[in-house]
Amino acid sequence: MTILFLITAVVILASAVMVVTSRNLVHAALWLVSALFGVAVLYALLNAGFLAVVQVVIYIGAIAILFIFAVMLTRREMRDTGPGLNKNWWVSALTSILTFGGLAFLLSSWSGFSQTPAAIPSGFDAVSALGDALISPDAFVLPFEVASVLLVAALVGAVYIAFNPRAGDSPRAGDSPRAGDSPRAGDSRK
Amino acid sequence: MIPLSWYLILSAALFSIGLFGVLARRNAIAILLGVELMLNAVNINLVAFWRYLDPVKITGQVFAIIVFAVAAAEVAVGLALVISVYRNRKTVVADELDMMKW
Amino acid sequence: MTTETINTLIWLIPLPPILAFFLIVLLTNRSKALSHTIGVGAAALSFLGSMAVFIQAIGKEHLGEDPFGNSIPWLPTGDTWFNVGVLIDPLGAAVLFFVSITIFMIFLYSVGYQNFGQPKGDHDRPGLPPHGATVTDELGHKHTVLSVEPMYSRFFAFLALFAFGMYTLVVSDNLLTMFVGWEIMGLCSYLLIGFWYGKESARNAAIKAFMTTRIGDVFMLLGISFLYSATGTLTFREIFTEEMLHALATTATPILGLSAAGLIALLLFIGTIGKSAQWPLHVWLPDAMEGPTPVSAMIHAATMVSAGVYAVIRMFPLLTADFTGHGLTTAMSVVAFIGAFTALFSATIAVAQNDIKRVLAYSTISQLGFMIAALGIGAYVAAAFHLITHAFFKALLFLGSGSVIHGMEHGVLHTGNHKVDPQDMFNMGGLRKKMPITFWTFLIGGFALSGFPVITAGFWSKDEILADAFGHGHWAVFATLAIAAFLTAFYTMRQITLTFLGEPRTEEAEHAQETPWTMTVPLMVLAFFAITYGWVGIPEHFPVLGGLIPNWFHEFVGGTLAEHPEAVEFSWIPLLTSLVVALGGLFFGWLVYRNVNSPAEDKLQIPVLKNKWYFDEAYDFLFVKPAYWFAETFIYKWMDTGVIDGILHAFGKVTAFLGTSIRQYIDKLIINEFMGDGTARVTQWFGGRLQPMQTGRIQQYMLASLGLLIVIGGLLFSMLVR
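What you see is a predicted model; the values in this text were computed from it and never measured.

Caption draft 1: Representation of the overall build of chain A. Helix and strand counts for chain A come out as six helices and zero strands. Of the regular secondary structure in chain A, the N- to C-terminal order runs α-α-α-α-α-α. For chain A, the residues scored as buried account for 24% of the 190 residues in total. Residue pairs in contact within chain A that sit at least 24 positions apart in sequence constitute 47% of those at least 6 positions apart.

What follows is the structure, given as structure tokens:
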């Protein structure tokens, strides 16, 4: 267990470092996939099997793919894209280190910092409990539904923002947004 | 057993690395990658707390599920924005997107 | 008639004139006919009421002890009430008689005098005397005729107001309402003297009259106040009780050793000096001739100046409160002196006057002096008698002179020569043929004034005064009055000779005409009284005639006093003196003046006399000019313009200076530049310095906020945890 954890932790952290330092964005995205895998393993270690699967399916299967799509769509040329980090990267490094230090310090001063995991009662089915919680009116059905609305909104928003009237066979004149205001919300005036 | 502190330190480190990515990367998409890392760090924290404090109370996992949904939504919209900006400005370098300058 | 009715009637007597005043002023001012109807009607009503009361009064026994009248509580004064009311005792009844008749006659006379019925003048303007109108007769000849007075209604309104004042004075039972009537008449005197306000001389005369009488009125008011504070009442019958009079007579005052009664009487007498134009406040009466003649007649001959004498007669018990019968008190001596002196003084001036009205004015002053002197020596009945007879014949003389002037104006308009003064006696002459009624009535009046024996009223009254003076041993008064009587007869005959006798001296006199009935009828009525009124006062012991008719006047009016005055013993000396001076004066007057045709031939045109002993000039120098200097230079120039305006200007300058300084140094410099612009500049500088912070780069923003968060977090942590 401990070994497993340590290996997983190293993988995660190393992948994360590579994510933030790769010049090539595709590489960065792929390193992200690796990190996400590591996190999935971590979930499994924490007896949250469902979450592990969800992590893989959604994060890796959807979000990381989306990232790669986006990278493809925003490539200017195949050549070198310049330095990956901006001018003040050392300030950012300092800030992150400080943040880490601060968080670690804060957490360590909490009494339950080094506790051991609580026992799971036998016969406890986390998945079904999760399912109950997500649809039970006494529990979290409302946040669940709101989250679905959020996803719909994000979907519509993303489509709308990224919509390119020149590409594709969508008609121009009839293309009026449902809200009724002027199109090209993504337009920026020069 | 693995003490909780390990998980917490791990998530703190992941968070900081993500933070570094957000603050220091030039490419806008890379910034979003950093955000993803931060969200994952948060999720780790949540699940760890769920497991170590009171596994019967499923609230921790529910929270993590919601964070998943939110992260997905945010990525979708964010990338759509980046693409849109790329179309208009022909650049995804964050430093070049300074129209809000005085 | 019951006493109730009589009392009510007495209250109502002053009412018609005041109603007439308001009606004319508010409603009928436009209509001349309506106005004079209301005026004359009101005078007639008051006349009828007065006659009714008079008849009742003479029929009543012991009216003096139980007079008509009542009073009402009017003003609450602490624990008591101040009452006002009416009183008709014998004196009041007698005065009411002549006042009502003369007022009525004058109202009637005014209709003709103001030329009612004549056409409007060619260029008449309100404020100036009417100037004549051109009429074309059927043959196409143009004549200038007398024109109607433009301010016709106003005249009647003022006359009515005046009548109200006089009636109020006569029927009052207390000093306060009497004073009210007194002041109303003073006001009307001003209004009527200045009736033709377009003439500067009239305006000045009005002011002079008001000012001079005001001096007297102030002292009178002092006297009234003193009386009220000493006795707590102003009602005559309450003051003239034995106890009250005795108390006043025995209270000493620090002034001139007078008792309270004497001092009060003197103060009130000063009011009379003003009102009745005695020396030294006589200067206003001759100038008052600027007013229309009915005014001169009514106010300055018959009624208003008589009011002054009436006041003294009323207050006679007060004046004689400490009189024991032998030796005049201080107050009485003062009164007698002023009366006698004035009588002689103004008679000397009258001798040298050329204006027909001026002669009569000075004559009035002189005759009033007679009455005052009579009162001063204690001759109550004689003074009242002379007051009444004088009113009749003086009114007659004035109205007659008005008639003469009217006739002369006719002549002036005929010849068109407006430089001729229709009032100058040396322009007249021979008018007995042109204006017979006027002539005969004027003659009767003049003889009455001179004291022509037996058939004129003036003889009886004047003789009684002389008899009283002689009989009680007041030689100085007797001699003075006798000389004054001689001069009176002299200048009266002078006046009659120059005006009526002889031949017309000018063309205007040639063309004089008799005046209409509205003017001649009053003359005739008054002439009747001028003759007959004397016969009600024939002394008992008069040779031949005495005792034939009882001396009703003495009995009746004497009953007003608590102690019925004794009739003086008959003596031949005053009678002879009286006859000699009267007839002698008349004869000499005719003798000297039957051949005098111009002022140059008149030997009595001595400058001192002509210029009224230079009293006007003296007053001007002593009082008027200093007053003007005080007002114009001291108050206006120095105090008002210099000091007060100076202060205000200084304030202005200081404030302006403050204002500009504040503007320059505080407002502009500090507030505008330093605070206003300064803040802007500082903000701009800051903004400029902070501007580079806003780079538009989101990562820098995030770094900044995170950095700050760390700092704050650290601070909070360190503060809270420790």
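Caption draft 2: Inspection of the overall build of chain C at higher detail. Secondary structure summary: chain C contains 28 helices and four strands in total. In chain C, buried positions account for 51% of the 722 residues. Counting contacts in chain C only where the partners sit at least 6 residues apart, residues at least 24 apart contribute 77% of the total.

Caption draft 3: Quick peek at the packing of helix α19 (residues 436-450) of chain C against helix α21 (residues 475-500) of chain C. Residue and element names in this part refer to chain C. Here α19 crosses α21 at 165 degrees, and the two axes come no closer than 8 Å. Here α19 is positioned roughly antiparallel relative to α21, judged by the angle of their axes. Along this stretch, α19 crosses α21, giving a crossing that reads as left-handed. Residues Phe439, Phe442, Leu443, Gly446, Leu449 and Ser450 of α19 touch α21, and the partners they reach there are Thr488, Ala489, Thr492, Gln495, Ile496 and Phe500. Residue composition of the contact of α19 with α21, by class: seven nonpolar, five polar and no charged.

Caption draft 4: The nonpolar core, seen in detail. Ranked by internal contacts, the top residues of the largest apolar core, which has 218 residues, are C:Ala160, C:Ala383, C:Ala384, C:Phe392, C:Ala395, C:Leu481 and C:Ala530. Looking at this core, the element that brings in the most residues is helix α17 (residues 380-415) of chain C, giving 21 residues. Lining this core are residues from two domains, each supplying at least three of them: domain 1 (200-310) and domain 2 (323-610) of chain C. Discounting residues that sit within four places of it in the chain, C:Ala160 has contacts with C:Pro17, C:Ala20, C:Phe21, C:Ile24, C:Gly39 and C:Ala42. Grouped together as the second largest cluster of nonpolar side chains are 83 residues, A:Ala158, B:Leu14, B:Phe20 and B:Val77 included.

Caption draft 5: Just the interface of chain A and chain B, in detail. Each partner contributes residues to the interface: chain A has 79 residues there, and chain B has 65 residues. Listed by contribution, the elements that provide at least two residues to the side of chain A that touches chain B are α1 (2-21), α2 (25-45), α3 (49-73), α4 (89-108), α5 (126-135) and α6 (141-162) of chain A. Residue composition of the side of chain A that touches chain B, by class: 60 nonpolar, 18 polar and one charged.

Caption draft 6: Spotlight on the environment of B:Leu33. If you trace the backbone, B:Leu33 turns up in helix α2 (residues 28-53). Here B:Leu33 falls in the buried class, since 28 other C-beta atoms lie within 10 Å of it. For B:Leu33, the residues in contact, after removing those within four places along its chain, are A:Val19, A:Ala28, A:Ala29, A:Leu32, A:Phe67 and B:Gly21.

Caption draft 7: Highlighting the pairing of strand β4 (residues 142-145) of chain C. Residue and element names in this part refer to chain C. By the bridge criterion, four bridges tie strand β3 (residues 133-136) to β4 in an arrangement that is antiparallel. Across the sheet, Thr134 pairs through a bridge with Thr144, a residue of β4. Connecting the antiparallel pair β3 and β4 is a turn made up of five residues, with Gly140 showing a positive phi of about 90 degrees.

Caption draft 8: Broad picture of the environment of C:Leu9. Residue and element names in this part refer to chain C. Assignment of secondary structure puts Leu9 in helix α1 (residues 3-12). C-beta crowding within 10 Å serves as the criterion here: with 19 such atoms nearby, Leu9 is assigned to the partly exposed category. Distance from Leu9 to Ala52, taken between C-alpha atoms, is 8.5 Å for residues 43 residues apart in sequence. Residues within four places of Leu9 in sequence aside, it is in contact with Gly49, Ala52 and Val53.

Caption draft 9: Layout of the confidence of the model for chain C. Residue and element names in this part refer to chain C. Scored by pLDDT, chain C comes out at a mean of 86, with 99% of its residues at no less than 70. By mean pLDDT, the top-scoring element of chain C is helix α2 (residues 15-26) (93), and the lowest-scoring one is β4 (75). Across the predicted assembly, pTM comes out at 0.65 and ipTM at 0.91.

Caption draft 10: Summary view of helix α4 (residues 90-113) of chain C. Residue and element names in this part refer to chain C. The end-to-end C-alpha distance of α4 is 34 Å, a good match for the 34 Å that 24 residues give at a rise of 1.5 Å each. With 24 of 24 residues buried, α4 lies mostly within the body of the structure. The first or second residue beyond α4 is Asn115, which carries a positive phi of 60 degrees.

Caption draft 11: Representation of helix α16 (residues 356-376) of chain C within the structure. Residue and element names in this part refer to chain C. With 21 residues, α16 should cover 30 Å at 1.5 Å per step; its first-to-last C-alpha distance of 31 Å lies within 8% of that length. Where burial is concerned, most of α16 is hidden: 21 out of the 21 residues are buried. Two residues or fewer after α16 comes Gly378, characterised by a positive phi angle close to 95 degrees.

Reading the values: the criteria
- Residues numbered from 1 in each chain as written.
- Chains lettered and ligands numbered in written order.
- Predicted model: local features only at pLDDT ≥ 70, side-chain atom pairs only at ≥ 80, totals over all residues.
- Helix = DSSP H or I, 4+ residues; strand = E, 2+ residues; numbered from the N terminus.
- Buried ≥ 20, exposed ≤ 12 C-beta atoms within 10 Å, placed from the backbone.
- Contact = placed C-beta atoms within 7 Å.
- Axes fitted to C-alpha atoms, helices over the stretch in contact; angles between N-to-C directions.
- Parallel < 35°, antiparallel > 145°, perpendicular 65-115°, else oblique.
- Left-handed = near helix turned anticlockwise from the far one by under 90°.
- Nonpolar A, V, L, I, M, F, W, Y, C, P; charged D, E, K, R; others polar.
- Core = buried A, V, L, I, M, F, W, Y, C linked by C-beta atoms within 7 Å.
- Domains from an automatic or database assignment.
- Pairing = 2+ DSSP bridges.
- pLDDT = per-residue confidence, 0-100.
- Expected span 1.5 Å × (residues − 1).

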